[in-house]
Structures are given as C-alpha cells and as structure tokens.
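The primary structure of each chain is shown beneath.
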Amino acid sequence: KLLALAQYPQVYVKVSALFRVSGEPWPHEDLKLRLQQLLKAFGSYRLMWGSDWPFVTIGGNTPTSMALEYRKAVQTLVM
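Before going into details, it helps to say that this report is about the structure given with it. Quick caveat: nothing in here was measured; it's all calculated off a predicted structure.

One non-glycine residue, Ala 17, adopts positive backbone phi at about 50 degrees. Take Ala 17: it is sitting in the loop between strand S1 (13–16) and helix H1 (18–21). For Ala 17, a relative accessible area of 12% corresponds to the buried category.

It is worth spelling out the side chain of Ser 22 at this point. With respect to the secondary-structure elements, Ser 22 resides in the loop between H1 and helix H2 (32–42). The exposure class of Ser 22 is buried, given its relative accessible area of 10%. A polar atom in the side chain of Ser 22 sits 3.2 Å from the side chain of His 28. If near-sequence neighbours (up to four positions away) are discounted, Ser 22 is found in contact with His 28, Asp 30 and Leu 31.

Conventions we followed
Residues numbered from 1 in each chain as written. Predicted model: local features only at pLDDT ≥ 70, side-chain atom pairs only at ≥ 80, totals over all residues. Heavy atoms only, no water. Helix = DSSP H or I, 4+ residues; strand = E, 2+ residues; numbered from the N terminus. Buried < 20%, exposed > 50% of the residue type's maximum accessible area, 1.4 Å probe, protein only. Polar contact = N/O pair within 3.5 Å; in protein donor to acceptor, adjacent residues only side chain to side chain. Contact = heavy atoms within 4.5 Å.

In structure tokens form, the structure reads like this:
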C-alpha cells in the first residue's frame, strides 16, 4: 500500500531504524528488495533518512549495537 502512495507527489517516505525492521544484522540484506522498491517508486528526492534518535536505545538507557551510523545507513540504501 505504501508504494501506491508514490503516485501523489506530495508524499515522502522516512526511512529509519532499519535495525528494528530487519531480521538480519547490518547490512540488512533482507531489506534490500524493499528499499529498492521504495527508491524506484518514490525516487531518491522523496526518501528521507532518519536516525531514529533518541529512540536508538532499548528501554531508553541501553545503547543497541544494531543502530547504524549515517555512513552505514547510506551504504544500505544505495546497495
């Protein structure tokens, strides 16, 4: 259903917290097809990367090793 919204030019998509939706560690290969579909449907100018900050800690206090730094997130998106 999300891909169908690409027909509306005012719709943008925030891509964040990949580690929360992936069943695999970085580089989250299981998300590759989904990210490619988003890129094809919306184009790079309508996809926004978000860090998921300050929610990158589990329970609010313990940092998770699965959160990505910006460089790795970009690599995941353009793989």
